[in-house]
Structure formats: structure tokens, C-alpha cells
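# Commentary on secondary and tertiary structure
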Amino acid sequence: QVQLVESGGGLVQAGGSLRLSCAASGRTFNDMAWFRQAPGNDREFVAHITYNGLTTNYADSVKGRFTISRDNAKNTVYLQMNSLKPEDTAIYYCASVRRGSYSSMKEYAYWGQGTQVTVSS
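Along every chain, residues carry numbers that run from 1 in the direction the sequence is written. For a predicted model such as this one, the threshold for reporting local features is a pLDDT of at least 70, and the threshold for listing and counting side-chain atom pairs is 80 or more; totals across whole chains, interfaces and linings nevertheless cover every residue. Only hydrogens and water are removed before side-chain values are computed, so all heavy atoms of the structure are retained for them.

### Regarding the packing of aromatic side chains
In this analysis, rings of Phe, Tyr and Trp, with Trp reduced to its six-membered ring, are considered paired at centre separations within 6.5 Å, and the interplanar angle assigns stacked below 30 degrees, edge-to-face beyond 60, and tilted for intermediate values. Per the counting criterion, the structure on display carries 6 aromatic pairs. Seen in terms of ring centroids, Phe29 and Tyr51 are 5.0 Å apart; in terms of plane orientation they differ by 75 degrees. Their pairing is edge-to-face. Remark: Tyr51 occurs in the loop between strand 5 (44-49) and strand 6 (56-58) and Phe29 occurs in the loop between strand 3 (18-26) and strand 4 (32-37); sequence separation between them is 22 residues. Exposed residues in this analysis have more than 50% of their type's maximum accessible area, buried residues have under 20%, and partly exposed residues fall in between, with area computed by a 1.4 Å probe over protein chains only. The exposure class assigned to Phe29 is exposed, which follows from its relative accessible area of 52%. You can call Tyr51 partly exposed: its relative accessible area is 40%. Aromatic pair Phe35 and Tyr108: ring centres 5.5 Å apart, planes at 75 degrees, arrangement edge-to-face. Here Phe35 is found in strand 4, whereas its partner Tyr108 is found in strand 10 (residues 108-111), with 73 residues between them in sequence. An identical accessibility class is assigned to Phe35 and Tyr108; each is buried. Three or more aromatic residues joined by ring pairs make a cluster, and in this case those are Phe35, Phe45, Tyr102, Tyr108 and Trp111. For a lysine, the NZ atom is tested; for an arginine, the CZ atom; a charge sits over a ring if that atom is within 6 Å of the ring centre and within 35 degrees of the ring normal. The ring of Tyr93 has Arg43 lying over it, and the distance from NZ or CZ to the ring centre is 3.7 Å. Here the guanidinium or amino end of Arg43 rests over the ring plane of Trp111, the centre of that ring lying 4.9 Å away. Only runs of H or I of at least four residues qualify as helices and only runs of E of at least two qualify as strands under DSSP, and these elements are numbered from the N terminus.

### Some details on the nonpolar core
The tendency in soluble globular proteins is for nonpolar side chains to be buried as a group. Put simply, buried Ala, Val, Leu, Ile, Met, Phe, Trp, Tyr and Cys residues joined by side-chain atoms within 4.5 Å make one nonpolar core. By size, the foremost hydrophobic cluster in this structure holds 32 residues, and its most contacted members are Leu4, Trp34, Val46, Phe66, Leu79, Met81 and Tyr92. No other element matches strand 9 (residues 90-98), which puts 5 residues into this core. Contact definition: two residues touch when any of their heavy atoms are within 4.5 Å. Ignoring sequence-local partners within four residues, the contact set of Val46 consists of Trp34, Phe35, Arg36, Asn57, Tyr58, Ala59, Val62, Phe66, Leu79 and Tyr92.

### Quick look at unusual backbone geometry
The phi dihedral of Asn75 falls on the positive side, at around 50 degrees, and the residue is not glycine. Its place among the elements puts Asn75 in the loop between strand 7 (66-71) and strand 8 (76-81). The phi dihedral of Val97 is positive, around 65 degrees, even though this residue is not glycine. Along the chain, Val97 falls in strand 9.

Coordinates in, geometry out; function isn't part of it.
What follows is the structure, given as C-alpha cells:
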């Protein structure tokens, strides 16, 4: 079992920054990912990091603006979001225990409850 708890969301102006955190407990040495879901949209892949932090992957829409990282000593994964845009507004979810493709939400077994990010123009 893995429990995931996200934090760090909020309201920010366009161009601003936020850092999301995902604290994990249980089976913690796994690949981790961030997804997001805007109202009326499907949940979409944002970023992925391997269990050891050596490899990261990003959606094209966030590449160069977002950075995923992890601190295994704290069982925490982070998503640093810079140069935020109104279209980044969504609920952000972290996910863990990947079986297949890192960008497919159906390949992850465990999910957090989500944290709201709102970017005003």
C-alpha cells in the first residue's frame, strides 16, 4: 500500500511560481508522477521521475517551466512550477507505482487526493 498526500497548491498570478509537494508513506521507493485535470478535461500527464531520481520526463506543455525532483530521505516528490500560465489551472495529482507507460494515468496504482492550482491572468 502507498499513501500520497499533495500540498502546496494555491492562487498565483500569471508568471508566478508555486512548488507542489507529495509526501508518500508505505511502499515509497517507486517511480512517481504528476498529473493534472482541468474542469471538463481528461486527466493529463505533467511530469515523471524514476525511483532513484536519475531520469525525468515532461509533457511538452510544461517542458522548460516545471521541474520534478524527489528527496527519498523525506519520501517526498516536488513539482517546481515557474512562469505559470492561466492554462496551467487545474487540480494536480501525484501518482505512484507505475506498471507501464510513464505518461498513462491507467498505469499508476496509487493516487493522492489532489491540490488545486489556480493561475489568474
